[in-house]
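Chain by chain, the residues run as shown.
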Protein chains: 2
Amino acid sequence: MTYSIAQAAERSGLSIDTLRYYERIGLVDPPARDSGGRRSYSDDDLGWLVFLTRLRTTGMPIRMMREYAQLRHRGAATAGRRKQMLFEHRASVRERIAELQSCLEVLEYKITHYEQIEHTFIEGVTA
Amino acid sequence: MTYSIAQAAERSGLSIDTLRYYERIGLVDPPARDSGGRRSYSDDDLGWLVFLTRLRTTGMPIRMMREYAQLRHRGAATAGRRKQMLFEHRASVRERIAELQSCLEVLEYKITHYEQIEHTFIEGVTA
DNA sequence: GTAGGAGCTGGAGTGCACTCCAGGTCAACC
DNA sequence: GGTTGACCTGGAGTGCACTCCAGCTCCTAC
């Protein structure tokens, strides 16, 4: 199965411009072209794009995704390093979730006690 | 208790430049000044700064924090609107956590099955 | 055979949230 | 009274991740 850039965009959740941008900066390999010179994405290309969006969604900077992509390009010899990167990234995602959850608690508290809290703010007698 | 800008920075986790920047864009009220014209932050100022960092950490855009700050400035009459904002923000934080957790699962899976997965990638027989 | 629409390229522009800088003031210590 | 260090101001610069644009090509449908 192959996909036009519009289809690839729709299925990956990235914009057409972003797809071309990712290609330009070496985050994705240039896909095949059809007879008219247009990009033709394979299922493998799509799989990689979807995985990239996971990394991006979890806050991995593009420079690191690029590093990962380059290692991947160099084949099985770099598998250990890549696994290590995912390991570290997983840790940072877990930290991020914990951080959000702790902020969420503050938010919960603030919403629950909104009247009192804002009252003390207004009166200027915050503890 | 009052704090110099350096102390306020340390306690809020923001940089000195960011404190001045937040003041400039109307996110925090200009704090008092000491005899030499230097900023002198109160405990209330600090409380607000810390709360702002929670909003920022949870991804609230500055433009929205500013809106919140302006409502707060207008006093008790806007309490309902502010509470509503926090409500909606809480929902978006929950969504974000859910999203991260779902990506985390993909990451877990990928790490666990790393050898096989990368092998299939290399062979180009991804399902 | 031409009008329309999708896609192409290289390069410029955007929005966000800071971050840095030059040139100056002020209080305190030696 | 000179030097040091923290702080001041207005304004310029940065890094990131896109996003948009002009001017072009190529297929398809009428």
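Residues numbered from 1 in each chain as written. Chains lettered and ligands numbered in written order. Predicted model: local features only at pLDDT ≥ 70, side-chain atom pairs only at ≥ 80, totals over all residues. Heavy atoms only, no water.

Taken together, the contacts link 38 residues of chain A with 38 residues of chain B. In total, about 3,800 Å² of surface goes out of reach between chain A and chain B, with carbon and sulfur atoms giving 68% of it. Sorting the residues of chain A by area buried against chain B places L107(A), I111(A) and Y114(A) first, and these three jointly supply 16% of that buried surface. On the surface where chain A and chain B come into contact, there are four salt bridges. Taking the shortest distance from any N to any O, the salt bridge between E108(B) and R94(A) comes out at 3.0 Å. (Contact = heavy atoms within 4.5 Å. Buried area = accessible area lost by both parts, 1.4 Å probe. Salt bridge = Lys/Arg side-chain N within 4 Å of Asp/Glu carboxyl O.)

With that out of the way, let us pick up the pattern of salt bridges. In the structure shown here, the tally under the stated rule is twelve salt bridges over all chains. Here E108(A) makes a salt bridge to R90(B), at a shortest N to O gap of 2.7 Å. Of this pair, E108(A) sits in helix α5 (residues 79-112) while R90(B) sits in helix α5 (residues 79-112), each in a different chain. On the basis of relative accessible area, R90(B) is assigned to the buried category, the value being 13%. (Helix = DSSP H or I, 4+ residues; strand = E, 2+ residues; numbered from the N terminus. Buried < 20%, exposed > 50% of the residue type's maximum accessible area, 1.4 Å probe, protein only.)

Moving on, we get to the packing of helix α4 (residues 62-73) of chain B against α5(B). Residues and elements named next belong to chain B. Two elements in contact, α4 and α5, have axes whose closest approach is 9 Å; the angle formed by their N-to-C orientations is 155°. Classified by the angle between their axes, α4 and α5 sit roughly antiparallel to one another. The two elements α4 and α5 cross, and the hand of that crossing is left-handed. Two secondary-structure elements touch here, α4 through M64, E67, Y68, L71 and R72 and α5 through R81, R82, M85 and L86. (Axes fitted to C-alpha atoms, helices over the stretch in contact; angles between N-to-C directions. Parallel < 35°, antiparallel > 145°, perpendicular 65-115°, else oblique. Left-handed = near helix turned anticlockwise from the far one by under 90°.)

On to the environment of A9(B). All names here are of chain B. Within the secondary structure, A9 sits in helix α1 (residues 5-12). The exposure class of A9 is buried, given its relative accessible area of 9%. Considered as a pair, A9 and L46 are 37 residues apart in the sequence and their alpha carbons are 9.3 Å apart. If sequence neighbours within four positions are ignored, A9 has contacts with L14, S15, I16 and L19.

Take the protein's contact with DNA strand C next. Taken together, the neighbourhood of DNA strand C is formed by 22 residues, with R20(A), R33(A), R39(A), Y22(B) and R56(B) sitting nearest. When the atoms of DNA strand C within 4 Å of the protein are sorted by group, sugar and phosphate make up 64%. Between a phosphate oxygen of DNA strand C and a side-chain N or O atom of S4(A), the distance comes to 3.3 Å. Side-chain polar atom of R38(B) to a base oxygen of DNA strand C: 3.0 Å apart, as the coordinates give it. (Near = heavy atom within 4 Å. Polar contact = N/O pair within 3.5 Å; in protein donor to acceptor, adjacent residues only side chain to side chain.)

This next bit is on the side chain of S40(B). Structurally, S40(B) can be placed in strand β3 (residues 39-42). Discounting residues that sit within four places of it in the chain, S40(B) has contacts with T2(B), Y3(B), P31(B), A32(B), R33(B), D34(B) and D45(B).

A separate point is the packing of helix α1 (residues 5-12) of chain A against helix α3 (residues 43-57) of chain A. All names here are of chain A. Across the interface, α1 lies against α3 with an axial gap of 9 Å and an inter-helix angle of 40°. With respect to α3, the element α1 is oriented oblique. The hand of the α1/α3 crossing is right-handed. The residues of α3 that touch α1, namely those facing A8, R11 and S12, are L46, L49, V50 and T53. Its residues assigned to classes, the contact of α1 with α3 comprises four nonpolar, two polar and one charged. (Nonpolar A, V, L, I, M, F, W, Y, C, P; charged D, E, K, R; others polar.)

Let us now look at the sheet that holds strand β1 (residues 2-3) of chain B. All names here are of chain B. On the basis of which strands lie adjacent, the open sheet formed by three strands has the order β1-β3-β2 and antiparallel pairing. The strands lining the two open edges of the sheet, one partner per strand, are β1 and β2 (32-33). Two strands pair when backbone bridges link them, and β2 and β3 are joined in this way by two bridges, in the antiparallel orientation. Its bridge partner lying in β3, R33 is registered against R39. (Pairing = 2+ DSSP bridges.)

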